[in-house]
Amino acid sequence: MRYLNMYDSISCLNCLACMSACSMENRMRLERDAGVSIERGVNEYLPGSYYLRPWRREVGKYPDSRFLVAFEHCRHCENAQCLIHCPAGAIERRPMGQVVINPSACIGCRTCRDVCPFDIPIYDNQTGKARKCIGCYDRVESGMQPACVTACPSRALISGPEDIVLAEGEDRIAIYSKRLGRDYIIYGKDKINRVVGRLGWVSIAAREDAEYYDLFARPAKATMIARDGLKMGGAVGAACVVAGAALHGLYLFAKRKDQVKAAEHDTKENADE
Amino acid sequence: MNEHPETIVAFTQLQRSYHNHVLHYMIFFIITGLPLLSTSFSFIGSFFAIPYDFLGGAYPVLSASGLTDNERLSAGLQVARVIHRITALLFVVHTIPFVVVQLIHVRSWAIWPEDSWGPAALFRGIKGLWVNYVCFGHVRIGKFNVGQKLFAWTMILAVTAITLSGFVLMFRDQFSEGVQEFSRFVHAASFVTIGVFLIVHLYLALLPMNRPSLYAMFRDGGLPTDYVRSHHALWYENLTRKKGIDPKPAEKAEHSV
Amino acid sequence: MKREEKGISRRSFLKASSAAGITALSAIPSSQAHAAPLRVPGAEYGREKKVPVMCQMCAQFCPANACVKDGKVIRLEPSPVHEYSGTCGRSRAAAAALYSTDRITTPLIRTGERGEGKFRQASWEEALDLIGQKLKKLRDDGEPEKVSLFSRCSSAMVWDLTFFELFGTPNIVSYGDTCFEVVGRSSQTILGFGSAGTHSSDYENADYGLIVGKNLGGAIIPHGWGAQFGKGLRHGLPLTVVDPRHPNEMAQSYAEWLPIRPGTDLSFLLGVLHFVFRKEYINKDVLPKTNLDALIDPKTLLPVHLDKAVKPNDYLVFDTATQSFVMSRAAAAPAYEGSYEYNGVTVQPAMALMKKSLVDLDPQKLSATCTIPVSRMESVADKLHAAAPKAFVEIGYRWTRHTTDFRAQVCVHTLNILLGLYGHEGGVLLNRNVHFGGLPVEFPKPDMSKSILKWKIDNQAERWLASTVEGRAGIIQAVLDGKPYKPKMFFLWGQDIVAGTAGGKDITDAFKSVESIIAVSPFWSDSVMYADIIVPGCTFLEQDQPFFSYYKSLIPVIGVSRKAVEPVMGSRDGYWILCQIAKRVLTGDEYNRYFLQLEKEGMRPTWESQFAGVTEHGNSGLTPEELSTLPRTLDDLLEHGSWGTRRSVPSPIPPKTATGKFEVYSFELALKFDMLGATYPDYADRIFASPLPVLLEPRWMLQKPKLGDDEFVPATGFTPLSSFAGAQARDNPILVALHHRMRYANVFINEERALRLGLIEGDLVEIWMQEHPDEKQQAVLSVSQIIHPDVLFSYHGLGKGLQKTTEKMQYARKNGLNLNHFGRLRFSPGVCGHTPQDIVLKIRKVS
């Protein structure tokens, strides 16, 4: 059973407690795992510690304008492109579905960032490695919820087994659709496209607002998909060329034999005369 | 003025030096780049970790518990990346003078079309390739046949593209994300192009019928004049027109050996 | 023909190439490397010590648990006391405040000019001796009242007030003069009780809400309001929000936003009231609970006959049943309409006068004032009526900004009462608090006759609705004008007047001229920069604190706060500091009687006394059933941590006015209105005391009816990640990084205005008041679609303003606006709260 996170943009207060909690939890992890004391860890900016980030978005023109905050977070995709493409095999999927970069294996090549349709992994200049949300797998596997989920005062972030979370999501969008008169979706519940599949972190939003929250209809990095095609094409091309060369070489060899025979024959003939 | 010189200079010293160095650079580029392009080549990455692993595994002070497979691969990839970048630096340093000199003489490049252009000329050239490589006949060509010219232009473009995109990838933070991602694509595209073309190039370079050219590149740069006269008639005529070399009557072309 | 060539032989070539080919082919099948699984770190999860604390990253005391490992705070979590529990992003970053390297680490004594920030280190002995000496001298000279205490979330909560009361000063003032002061006062006027935290709207059960003058997400109060509001949003609560800026925190997804000019909320609410009266939306069942049947003399606006001798007070009405004039309690069917002749005077019920006032208002004029279309006002009235009684008009919070704000809030109460929303599920409900026992020692009350604020109330026209507790700027004024006397000492224990109250140079002049300033604070602030002596008290994580219960929550809670870690950075427990000062100031007998136990036994006796008040004394505010769920003993409660119950069924809320009725027609105001006319005939703002709804414009609009191209009206909001100007948030790297992303320290203007001024996003601009052109503040500009065109918007508390404090703060933004630093003291009429936003500003690019 997959463990899902869910973000509800309707009940979100943009209080950013989730983001503050995330950064703080990562500083605690610095002490626990890397021996950086908490006193030191809370006295630095540490941009790499923010796995959740806000994007200010203004929509429309005054006075028919709105201000919303897009929530930049890892989706823990079913077909995690980062995991598939990592050259160091440094990205793994935990038993409950979280997609996690193993920092000791990461080589900082930023392929994960290049290939992520949502532009999530960030390259931490201080450590020389890529980092992204780990789904608080250490907390979840210890029976707790992710730090961001416990931080949310309006329960706009929930998490748990897939069926329970999605059931709550369905309940919520039923209420919203009825009372607010728009069409609401749970983005990531169903397969979005072949590139990402379903998501391990789904989002509730009005369908017409989806793009403002970076809930893309066709998430994909065109250049990197093209690159995948190139790799395939290159392999095929190389094979064809090698085969072609082999054929030509055999042909040449065979022809040469004939030539040599013919020349010998001539020589013999000349010699005989 | 040379009267009946035995050899004609096919490749200058700069050209030979550049080519032969680039050959080595390419080997390093390809070996260190492949594991980053595709995990199908991860074994190369692990290979690069052997010295590190040896030290790390054997001496507990460097690695308490020995390396996992992943750490090995990771270390190897790091080494590969460093080698890739050092090679890039050397390549660029070596390329600059080469490019400068070549550009000075751009008008006399042998890879421009001969007298005629256009699809008809192209088709004639390709037909000539067939005659040469399949029927083993002789064709009137300049220094390079059309295949070699197309190869050269492709390589110029691809190497330029791979270098520029490589520069972006080496100094990623100076460029926007869109430029970075596009550069990855260009880097891969140009590598695939170069790689496939290199296979052809290597094969043809090692063909017995092209042996004199191989020697020209790897020895003193010269081709026997007779050979030039029989195999690259146009080139020979151009040279004699320019330099006043006394042409011997063209002998019956010999079959290549 | 050569058969043998030099170099690579054919055979060897073929061999080599086939070998290469096979290798190449074998490379193609994927040998994808996989990461070795990460070991889950040996989790201390579940094994950290959890200490109950009340978070004081802002002033709301939300119950939290500090997770402590190896004597260090590694996390703050919300304490799950009830269904509306929560903490916010500031709380989550508390460890960064606790361990901040910008904290004050030793006592400091000023060496430079006041406000310059030059201090020398001193020992605790020296500092405390000096403080004690100064205080003792004033007391011995018979002038203890010359000391003013400015306490807020102090490190010696509750006891600091009693010490200074014992010391003998009545000048102990609160801090809500730009914030909640007016909210409380308007509540008291109409309902007879209340402060800013008295009410909660029932978000989760409402069918519609109108929110003016409050942003439930900005400066979020997560425990209580924030979580309750979140629940309302999850129920798809339909909302209309009225705000000069689109408030994404409340309304990012769907609410109707009505952009409004600052300070014109009154116009908008009068418009809504206009339609409520015109369209007969008033709930008739509620009328008997109001005093709208009182007969009023339209000329004086006074009740015809008000009997103050009886309790509750009674007043004259016209009983339609008996067609006679009787006192209201004797009336069977009092009239709410019509005119009557009483002793030769034509009188009318208050309702009739009110109705006429409102219906006579021209909606077009109202709309022109606030720039909200008439149709929207009408639609809001319609929606409130359609959803009633499951609707609410949100009672504001930080709504002491313009001269007109008090009048606007009176309209809010009027709407809630007359539409029948008040005290009803889905409407506006009362928060519930637990009442504790007092301190273990009973302290004497000070002689209020010497209170500066009381003197001002008694002697100044403008203070006709003021209190002796709110209005700290009155103390500032006393320093400047010496009336009734000039204070000689400011004792700052948590308040930041320089940053937090409007008054600009008047305040800093007062701070420069008062004889001595003492500050107890772990962090730097604008006001602390002016102190003569600073001693670093502890934060909330480093000491025990008394129980607390004034939460903005429908469910009663006992907040427990215990010492989570030993004091860090050289700070000391605030109660220890208090005892040390008391020891040096009080007589031996006094000290032994009042403070010895605190010194020797710490917080325990206080807890015992507070707890006994809940369990034994019968007026805890809890039902017997709720009491039965309380931990049995004090130790159980301390072990349990913060405690709460469940939401109870709402009951109707009785008014507590002198008449026992909802004084929608406020007799208090009517009497004041009359008094002002008689006593202060030159007083220009008498109309603000009118008991009838009248259209009034904010001061800025009277000064500048038409704004020039480079002129703006300021509006401020709060970020959910800052705490007024407090260093714990402003200088907190965890939070500041997020401030940058959200551009919280920028100033915002409408794009159309920016274009006209040739300004673009990111420009550095300077901002000033025309009256004071040499007091310029600099800020980075953001250009926006979500700001009313007349407005210059900034978030409060992150800007540098005009002070030098950010020199002591490595992370705080080095530019940015603090509105309070502009201008001079500017009081609102009546309540005499401040009006920080009731000004006009000019803006220009810094070249």
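Trainee: Lay out the overall build of chain B with the relevant residues and their values.
Mentor: Secondary structure summary: chain B contains ten helices and two strands in total. For chain B, the N- to C-terminal ordering of α and β elements is β-α-α-α-α-α-α-α-α-β-α-α. Of the roughly 14,600 Å² of accessible surface on chain B, 69% is carried by carbon and sulfur atoms.

Trainee: Before we move on, could you go through the overall build of chain A and cite the residues and values that matter?
Mentor: A tally of helices and strands in chain A yields eight helices and ten strands. For a compact globule of 273 residues, the expected C-alpha radius of gyration is about 19 Å, and chain A comes in at 28 Å, more than 25% above that figure. Structurally, chain A occupies a C-alpha span of about 110 × 50 × 40 Å along its principal axes. By the burial criterion, 60% of the 273 residues in chain A qualify as buried. By sequence separation, contacts in chain A at least 24 residues apart represent 61% of the contacts at least 6 residues apart. Of the accessible surface of chain A, which amounts to about 10,800 Å², a share of 58% is contributed by carbon and sulfur atoms.

Trainee: An account of the interface of chain A and chain C is requested, with residue identities and associated values reported.
Mentor: Each partner contributes residues to the interface: chain A has 80 residues there, and chain C has 83 residues. Across the interface of chain A and chain C, roughly 6,900 Å² is buried in total on both sides, 57% from carbon and sulfur atoms. Close ionic contact of glutamate 25 of chain A with arginine 75 of chain C constitutes a salt bridge, the shortest N to O distance being 2.7 Å. It is helix H1 (residues 17–34) of chain A that provides the largest number of residues to the side of chain A that touches chain C, a total of 13 residues. Looking at side-chain class alone, the side of chain A that touches chain C contains 40 nonpolar, 14 polar and 26 charged residues.

Trainee: Help me get a handle on the side chain of arginine 2 of chain A, residues and values and all.
Mentor: As for its placement among the helices and strands, arginine 2 of chain A is situated in the segment before strand S1 (3–8). Take arginine 2 of chain A: its relative accessible area is 18%, and that puts it in the buried class.

Trainee: Go over the packing of helix H4 (residues 124–140) of chain C against helix H18 (residues 574–585) of chain C with me, naming the residues and quoting the values.
Mentor: Residues and elements named next belong to chain C. At their nearest, the axes of H4 and H18 sit 8 Å apart, and the two run at 50 degrees to each other. Classified by the angle their axes make, H4 and H18 are oblique. For the pair H4 and H18, the sense of crossing is right-handed. Contacts between H4 and H18 involve Trp124, Glu125, Leu128, Asp129, Ile131, Gly132, Leu135, Lys136 and Arg139 on the former and, on the latter, Trp576, Ile577, Gln580, Ile581, Arg584 and Val585.

Trainee: An account of the sheet that holds strand S24 (residues 557–561) of chain C is needed here, citing residue identities and associated values.
Mentor: Residue and element names in this part refer to chain C. Spatially, S23-S24-S25 is the arrangement adopted by the three strands of the open sheet, whose pairing is antiparallel. Since the sheet does not close on itself, it has two edges, and those belong to strand S23 (545–548) and strand S25 (643–644), each with one partner. With two bridges joining them, S24 and S25 adopt antiparallel strand pairing. Its bridge partner being in S25, valine 557 is matched across the sheet by glycine 644.

Trainee: Any chance you could break down the environment of proline 54 of chain A for me, citing the residues and the numbers?
Mentor: When you line up the elements, proline 54 of chain A lands in strand S2 (residues 53–59). Separated by 70 residues in sequence, proline 54 of chain A and aspartate 124 of chain A place their C-alpha atoms 18 Å apart. Not counting chain neighbours up to four residues away, the residues in contact with proline 54 of chain A comprise Leu16, Met19, Val69 and Ala70 of chain A together with Leu738, Arg741 and Met742 of chain C.

Trainee: Describe in detail the nonpolar core, supporting the description with residues and values.
Mentor: Phe268, Leu269, Leu292 and Leu384 of chain C are the most contacted members of the largest nonpolar core, which totals 126 residues. Looking at this core element by element, the count peaks at nine residues for helix H9 (residues 265–278) of chain C. In this structure, Met24, Val100 and Leu157 of chain A together with Ala466 of chain C belong to the second largest nonpolar core, which totals 123 residues.

Trainee: Describe the sheet that holds strand S31 (residues 841–845) of chain C, naming the residues involved and giving the relevant values.
Mentor: All names here are of chain C. Read around the closed barrel, the six strands follow the order S26-S30-S27-S29-S28-S31; overall the barrel is mixed. Strand-to-strand, the axes of this sheet are offset by a mean angle of 45 degrees, without reference to chain direction. Here strand S26 (residues 711–717) pairs with strand S30 (residues 791–795) via five bridges, running parallel. Residue pairing across strands places valine 713 opposite valine 791, the latter belonging to S30.

Trainee: I'd like a description of the pattern of salt bridges, backed by residues and values.
Mentor: Pairing between side chains of opposite charge can happen when the charged atoms of each approach one another. Using the criterion set out here, one finds 88 salt bridges over all chains in the structure. The partner of arginine 155 of chain A in a salt bridge is glutamate 168 of chain A, and the shortest N-O contact between them spans 3.8 Å. Of this pair, arginine 155 of chain A sits in the loop between helix H6 (147–151) and strand S8 (157–161) while glutamate 168 of chain A sits in helix H7 (residues 162–180), and the two are 13 residues apart along the sequence. With a shortest N-O distance of 2.9 Å, glutamate 83 of chain C and lysine 231 of chain C are connected by a salt bridge. Here glutamate 83 of chain C is found in the loop between strand S3 (72–78) and helix H2 (89–92), whereas its partner lysine 231 of chain C is found in helix H7 (residues 222–234), with 148 residues between them in sequence. Among the residues examined, glutamate 83 of chain C registers a relative accessible area of 41% and is labelled partly exposed. When salt bridges with common partners are traced through the structure, they connect Glu25 and Arg139 of chain A together with Glu48, Lys50, Arg75 and Glu77 of chain C into a single cluster.

Trainee: Would you mind going over helix H12 (residues 374–387) of chain C in detail, with residue names and values included?
Mentor: An α-helix turns once per 3.6 residues; consequently, residues spaced three or four apart project the same way. Residues and elements named next belong to chain C. Taking 1.5 Å of rise per residue, 14 residues should cover 20 Å, and H12 covers 20 Å from first to last C-alpha, within 8% of that figure. All of the buried residues along H12 are Val374, Met377, Ser379, Val380, Ala381, Leu384 and Ala387. Contacts from the buried residues of H12 go to strand S9 (208–212), strand S10 (239–243), strand S11 (256–259), H9, helix H11 (363–370) and strand S18 (391–393).

Trainee: Explain the packing of helix H1 (residues 13–37) of chain B against helix H4 (residues 69–104) of chain B residue by residue, including any values.
Mentor: When two helices pack together, their arrangement is given by the angle between their axes and by how far apart the axes lie. All names here are of chain B. The contact between H1 and H4 brings their axes to 9 Å, and the two run at 155 degrees. When the axis of H1 is compared with that of H4, the two are roughly antiparallel. Every pair of crossing elements has a handedness; the one defined by H1 and H4 is left-handed. Looking at side-chain class alone, the contact of H1 with H4 contains 17 nonpolar, ten polar and one charged residues.

Trainee: Please provide a residue-by-residue account of the side chain of threonine 189 of chain C, values included.
Mentor: The topology assignment puts threonine 189 of chain C in helix H6 (residues 181–191). When sequence neighbours within four positions are dropped, the list of residues in contact with threonine 189 of chain C reads Phe406, Leu465, Thr657, Glu663, Ser666, Glu668 and Leu669 of chain C.

Trainee: Quick rundown of the state of the cysteines? Include the residues and the values.
Mentor: Following the criterion strictly, the structure yields zero disulfides over all chains and no others. Its sulfur unpaired, cysteine 15 of chain A is 6.2 Å from the next cysteine sulfur, which belongs to cysteine 152 of chain A. Just so you know, cysteine 88 of chain C is unpaired, no disulfide at all, and the nearest cysteine sulfur is the one on cysteine 58 of chain C, 6.0 Å from it.

Trainee: Describe H7 of chain C, and please don't skip the residues or the numbers.
Mentor: All names here are of chain C. Taking 1.5 Å of rise per residue, 13 residues should cover 18 Å, yet H7 covers just 15 Å from first to last C-alpha, more than 12% shy of that figure. Along H7, 13 of the 13 residues are buried, which leaves the element largely enclosed by surrounding structure. Count one or two residues on from H7 and you reach glycine 236, which has phi positive near 70 degrees.

Trainee: Please set out the packing of aromatic side chains residue by residue, giving values where relevant.
Mentor: Residue and element names in this part refer to chain C. The full count for this structure, using the stated rule, is 55 aromatic pairs over all chains. Where phenylalanine 548 meets tyrosine 550, the ring centres are 6.0 Å apart and the plane angle is 85 degrees; that geometry is what we call edge-to-face. Accessibility expressed as a relative area gives 15% for phenylalanine 548, which makes it buried. Residue classification places tyrosine 550 among the exposed positions, given a relative accessible area of 56%. Among the aromatic residues, those joined into a cluster by ring pairs are Trp159, Phe163, Phe164, Phe167, Phe443, Phe491, Trp493, Tyr591, Tyr594 and Phe595. The ring of tryptophan 124 has arginine 572 lying over it, and the distance from NZ or CZ to the ring centre is 5.2 Å.

Trainee: So what's going on with the domain arrangement of chain B? Which residues, and what values?
Mentor: Residues and elements named next belong to chain B. The domain architecture assigned to chain B consists of domain 1 (12–108) and domain 2 (111–257). Regarding the contact of domain 1 and domain 2, the summed buried area is about 1,300 Å², with carbon and sulfur atoms giving 70% of it. If you sort the residues of domain 1 by the area they bury against domain 2, Arg16, His19 and Arg85 come out on top, with a joint share of 35%. Where domain 1 packs against domain 2, one counts zero salt bridges. Linking domain 1 to domain 2 there are three residue pairs in polar contact (both at pLDDT 80 or more). Elements with a contribution of two residues or more to the side of domain 1 that touches domain 2: H1 and H4. With ten residues, the top contributor of residues to the side of domain 1 that touches domain 2 is H1. Here the side of domain 1 that touches domain 2 is built from residues that sort into nine nonpolar, four polar and three charged.

Conventions adopted
- Sequence positions are assigned chain by chain, starting from 1 and proceeding in written order.
- In the order they appear in the text, chains get letters beginning with A and ligands get numbers beginning with 1.
- Local features in this predicted model are restricted to residues whose pLDDT is 70 or higher, and side-chain atom pairs enter the listing and the counts only when it is 80 or higher, whereas totals over whole chains, interfaces and linings include all residues.
- For the side-chain quantities, the full set of heavy atoms in the structure was used; hydrogens and water were omitted.
- Per the convention used, a helix needs a DSSP run of H or I reaching at least four residues, while a strand needs a run of E reaching at least two, with both numbered from the N terminus.
- Areas reported as accessible are Shrake-Rupley estimates using a 1.4 Å probe. Residue values count occlusion only from the protein chains shown.
- When we talk radius of gyration, it's over C-alpha atoms, and the globule rule is simply 2.2 Å times the number of residues to the 0.38.
- Only protein chains enter the area calculation, which uses a 1.4 Å probe; residues under 20% of their type maximum are buried, those over 50% are exposed, and those in between are partly exposed.
- Working rule for contacts: check all heavy atoms of both residues, and any pair within 4.5 Å makes them a contact.
- Here the buried area means the combined drop in accessible surface, using a 1.4 Å probe, for two parts upon being joined, counting both sides.
- Just to be clear on terms, a salt bridge is a Lys or Arg side-chain nitrogen sitting within 4 Å of an Asp or Glu carboxyl oxygen.
- Under the grouping applied here, Gly and all other residues not named as nonpolar or charged are polar, the nonpolar ones being Ala, Val, Leu, Ile, Met, Phe, Trp, Tyr, Cys and Pro and the charged ones Asp, Glu, Lys and Arg.
- Axis definition: a line fitted to C-alpha atoms, limited for helices to the stretch in contact. Angles are taken between N-to-C directions and run from 0 to 180 degrees.
- Should an angle lie under 35 degrees it is considered roughly parallel, over 145 roughly antiparallel, and from 65 to 115 roughly perpendicular; all remaining angles are considered oblique.
- Crossings are assigned a handedness: left-handed for a near helix turned anticlockwise from the far helix by less than a right angle, right-handed for a clockwise turn.
- Being paired, for any two strands, means DSSP has found at least two bridges between them.
- Nonpolar cores are built from buried Ala, Val, Leu, Ile, Met, Phe, Trp, Tyr and Cys residues. Side-chain atoms within 4.5 Å join them into one set.
- Expected span of a helix: the number of residues minus one, times 1.5 Å.
- Cysteine sulfur atoms that come within 2.5 Å of each other are treated as a disulfide pair.
- Two rings from Phe, Tyr or Trp (for Trp, the six-membered ring) form a pair when their centres are within 6.5 Å of each other. A pair whose planes differ by under 30 degrees is stacked, one over 60 is edge-to-face, and the rest are tilted.
- Put simply, a charge is over a ring when the Lys NZ or the Arg CZ is close to the ring centre, within 6 Å, and near the line of the ring normal, within 35 degrees.
- By convention here, the domain bounds are inherited from an automatic or database domain assignment.
- In the analysis that follows, any N or O atom pair within 3.5 Å is treated as a polar contact, provided that within protein one partner can donate a hydrogen and the other can accept it, and provided that, for residues neighboring in sequence, both atoms belong to side chains.

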